Amino acid sequence: MWISDHPWTYSDMFDDGAGGGRVSVGVAIIMLVVDSLLFSIITWYVDNVNPGPYGIARPYTFFLQCFKKNEYDSRTNQVTELQENYEAPPRDLKIGIRIENLRKTFSRGKVVAVENVDLDIYGGNITALLGHNGAGKTTTMSMIAGFFSPTKGKVIVNGKNIFDNMEEFRSDLGLCPQHNVLFSFFTVIEHLVFFGMLKGFTRKEAEAEAMRLLEIWGLEGKKNDVVSKLSGGMKRKLCLSIALIGNPGVLMLDEPTSGLDPESRRQVWDVLLGLRGQRTTVITTHFMEEADVLGDRIAIMDHGQVSCYGTSIFLKKLYATGYQLNVSKADHTAVGPITRAVEQFVSISSLKVASPTLVTYYISSDQVNQFPGLFKALESRKNYLGLTGINVTCSTLEDVFLKVAEGTGESAEKNGEINVADFVGKHQKVSGFGLFFQQMKALVYKRTLSRIRTWFSSLMFMLLPILMMAYTVSRFMDADITPIQPDLQIDVGRFPGAKVAVSSDGQQLLTSLLQK
């Protein structure tokens, strides 16, 4: 480079050239490097203390914690000693995840999603987390996975609070979220290789592990297909493979079998049961059969709290669900005589009329010895009572779930007959022009509601064009758009060779004009 006929060298980097206090190239580079470092540090700090809607917010003085040893005032007793609806575990079980007084609120504390959850999740076991929609299952798992900061509470893994050591905990975590999180432009094998390398595998090791997982799920023929070409069940299996790659010590699966057909669901069950004893596994599900098959221990959440926790048998005994006596009857047969006949032999804990032809009685398990006499009596009087069939079933985990919901007023069951005719078939549908007019009314109603709910944007859409038009019109009205120009002298001499037709009534005036 040449500047002012002088060759530029590195020795001139801090030379301002002409003097006079100008900034040299070297000083400018130093300022750029310092600014980059300064803003990088500020960005790193702000991202840690205020990560946004997702992530764990750390205290403002978190950078000072490296100079002191973290001490956790963790409880030493089992959580079963604190909760009466918790089953005591075997003494040889090791706690994999200890949740202590975990709480999460939204909308500045107005909405409580998780309320003071205390739970011990045991290593080598599969723990199933059940609950109705909005019970707090996904929020609890999201806090453990580091998606949300807890309002209060701790989660202890290997003697450390994961909210202070999230990076270390995540390095040994396999997560399958509720919804498929995949890259649409990646192939199946590229997904697994990518996440395997994030877990610390070399590319060769990640490819070998990926092929092993694809063979387990029967997806080796789809390894080079992009995700957009996969079915919903295949995408779910891919998400499970991503969670399993890297052999994580903690596995968290949020509704892992949602969207799968029965055969694929059984395949997932077999894989998870094969991994039992090797890692701490937490699953959420809405399938009671799945929780009964997979769950070594089952926790049922309701309104952000854990209502009960234990094995399936413990929960069934705890809520005394016992047996269900299902009595099929002729249509419009009275329920009263049937109930009195049953109560002659057993005491009924509850009664449900499921339909006009089916009555279900809930009977405690300690009255099983009375069943032979009950069946004999009902069989001998079936014509008089109008019975068409009798069967007995053991209570399931679904019955326990409904019992928990009933205890909190969440159950929508009614102890009476539901007449379907009350809900359908009462109205006559319109057609033709009337239907078209009704559909237009519905569209206007929908548009009106959307405008009301988004009133600010609707106001801006209407107000801004009006204001812009008013401003433009006012400027045009105030401005003098006629330009100021000098008078134009009309003279034929400006146009040489022009021929002009002249006419005049006066001969003398015409002669004078021609002379000019």
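Residues numbered from 1 in each chain as written. Predicted model: local features only at pLDDT ≥ 70, side-chain atom pairs only at ≥ 80, totals over all residues. Heavy atoms only, no water.

Student: Looking at this structure, I do not really get the overall build of the protein. What am I missing?
Tutor: Check the secondary structure of the protein and you find 16 helices and 16 strands. Contacts spanning at least 24 positions in sequence make up 67% of the contacts within the protein whose residues lie at least 6 apart. Within the structure as shown, the protein displays about 32900 Å² of accessible surface, and the carbon and sulfur contribution to it stands at 58%. (Helix = DSSP H or I, 4+ residues; strand = E, 2+ residues; numbered from the N terminus. Contact = heavy atoms within 4.5 Å. Areas by Shrake-Rupley, 256 points an atom, 1.4 Å probe, with all protein chains shown as cover.)

Student: Can you walk me through the pattern of salt bridges in this structure?
Tutor: Close approach of charged atoms allows side chains of opposite charge to pair. In this structure the tally under the stated criterion is 11 salt bridges. Taking the shortest distance from any N to any O, the salt bridge between Glu168 and Lys160 comes out at 3.3 Å. Assessed through its relative accessible area of 35%, Lys160 is described here as partly exposed. (Salt bridge = Lys/Arg side-chain N within 4 Å of Asp/Glu carboxyl O. Buried < 20%, exposed > 50% of the residue type's maximum accessible area, 1.4 Å probe, protein only.)

Student: Looking at this structure, how should I read helix H6 (residues 232–244)?
Tutor: It helps to recall that an α-helix has 3.6 residues per turn; residues three or four apart then point in one direction. End to end, H6 covers 19 Å across 13 residues, agreeing with the expected 18 Å (1.5 Å per residue, within 8%). When you tally the buried positions in H6, you get 10 out of 13 residues, the bulk of the element. What H6 keeps buried is the set Gly233, Arg236, Lys237, Leu238, Cys239, Leu240, Ser241, Ile242, Ala243 and Leu244. Buried residues along H6 sit against strand E8 (173–176), helix H4 (188–198), helix H5 (203–217), strand E9 (250–254) and helix H7 (262–275). Trailing H6 by a residue or two, Gly246 shows a phi angle of about 90°, which is positive. (Expected span 1.5 Å × (residues − 1).)

Student: Sorry if this is basic, but what is going on with the layout of surface pockets here?
Tutor: Gaps left between atoms show up when a probe the size of a water molecule is rolled over them. Taken as a whole, the largest pocket encloses approximately 630 Å³ of empty space. As for the largest pocket, its lining consists of 22 residues, of which Phe147, Leu175, Cys176, Pro177 and Phe195 are closest to the centre. Mapped onto the lining of the largest pocket, the elements with two or more residues apiece are helix H2 (137–145), E8, H4 and H6. When its residues are assigned to classes, the lining of the largest pocket shows 14 nonpolar, 5 polar and 3 charged. (1 Å grid on protein atoms, 1.4 Å probe; cavity = no way out; pocket = protein on both sides within 12 Å on 5 of 7 lines; lining within 4 Å. Points joined across faces, edges and corners; volume = space filled by probe spheres on them. Nonpolar A, V, L, I, M, F, W, Y, C, P; charged D, E, K, R; others polar.)

Student: What is the right way to read the sheet that holds strand E3 (residues 95–106) from this model?
Tutor: Hydrogen bonds along the backbone pair up the strands of a sheet, which may run parallel or antiparallel. Taken together, 4 strands build an open sheet; the order of strands is E4-E3-E6-E7 and the sheet is antiparallel. Every other strand in the sheet has two partners, leaving strand E4 (111–122) and strand E7 (160–161) as the edge strands with one partner each. Against the sheet, H2 engages E3, E4 and strand E6 (152–157), with an angle of about 115° to E3. (Pairing = 2+ DSSP bridges. Axes fitted to C-alpha atoms, helices over the stretch in contact; angles between N-to-C directions.)

Student: Teacher, can you tell me more about the UniProt feature "transmembrane region" (unreviewed entry) in the protein here?
Tutor: Residues annotated by UniProt as "transmembrane region" (unreviewed entry) correspond here to residues 23–46 and 455–473. The distance from the first to the last C-alpha atom of residues 23–46 is 32 Å, and the span holds 92% helix and 0% strand. Annotated as residues 455–473, this span is 100% helix and 0% strand, and its ends, taken at the C-alpha atoms, are 27 Å apart. (UniProt positions renumbered as here; feature names shortened; annotations may be inferred.)

Student: Explain empty space enclosed by the protein to me, please; I cannot follow it from the model alone.
Tutor: Counted by the stated rule, this structure contains 2 cavities of 30 Å³ or more. Of the pockets and cavities examined, the largest cavity occupies roughly 70 Å³. Lining the largest cavity are Ile99, Val117, Leu119, Ile121, Thr127, Leu129, Thr140, Met141, Ile144, Val282, Met301 and Val306. Only E4, strand E5 (126–131) and H2 provide two or more residues apiece to the lining of the largest cavity. The class makeup of the residues in the lining of the largest cavity is 10 nonpolar, 2 polar and no charged. Estimated volume of the second largest cavity: approximately 40 Å³. Every element with two or more residues in the lining of the second largest cavity is listed here: strand E11 (297–302) and helix H13 (397–407). A breakdown of the residues in the lining of the second largest cavity according to their chemical character gives 5 nonpolar, 1 polar and 1 charged. Residue assignment places the lining of the second largest cavity across two domains, with domain 2 (80–184 + 234–239 + 246–314) and domain 3 (320–406) each supplying three or more. (Domains from an automatic or database assignment.)

Student: Where do I start with the sheet that holds strand E12 (residues 305–310) in this structure?
Tutor: Spatially, E8-E9-E10-E5-E11-E12 is the arrangement adopted by the 6 strands of the open sheet, whose pairing is mixed. Each end of this open sheet is capped by a strand with a single partner; those strands are E8 and E12. Here the average twist between neighbouring strands, direction ignored, is 15°. Inspection of the sheet shows E5 paired to E11 by 5 bridges, in the parallel sense. When the sheet's bridge partners are listed, Ala128 is paired in E11 with Ile298. On the sheet, H2 packs against E5, E8, E9, strand E10 (280–284) and E11 and is oriented at approximately 145° with respect to E9. Of the strands in this sheet, E8 and E9 touch H6, which is tilted by about 170° from E8.

Student: Before we go on, may I ask you to explain unusual backbone geometry in this structure?
Tutor: Glycine aside, negative phi is the norm for most residues, and most peptide bonds take the trans geometry. Notably, Asn247 is not glycine yet its phi reads approximately 50°, a positive angle. Tracing the backbone shows Asn247 in the loop between H6 and E9. One non-glycine residue with positive phi stands out, namely Glu255, at about 50°. With respect to the helices, strands and loops of the structure, Glu255 is situated in the loop between E9 and H7.

Student: Just checking my understanding: could you explain the pairing of E5 for this structure?
Tutor: For a regular strand, side chains alternate in direction, first toward one face of the sheet and then toward the other. Counting buried positions along E5 yields 6 of 6 residues, so the element is predominantly enclosed. Here 4 bridges tie E5 to E10, and the two strands are oriented parallel to one another. Bridged to Leu129 within E10 is Thr284.

Student: Is there a simple way to explain the side chain of Gln324 in this structure?
Tutor: Relative to the elements of secondary structure, Gln324 occurs in strand E13 (residues 323–329). Here Asp399 takes part through its side chain, which lies 2.7 Å from a polar atom of the side chain of Gln324. For Gln324, the residues in contact, after removing those within four places along its chain, are Thr360, Tyr361, Tyr362, Asn391, Val392, Thr393, Ser395 and Asp399. (Polar contact = N/O pair within 3.5 Å; in protein donor to acceptor, adjacent residues only side chain to side chain.)

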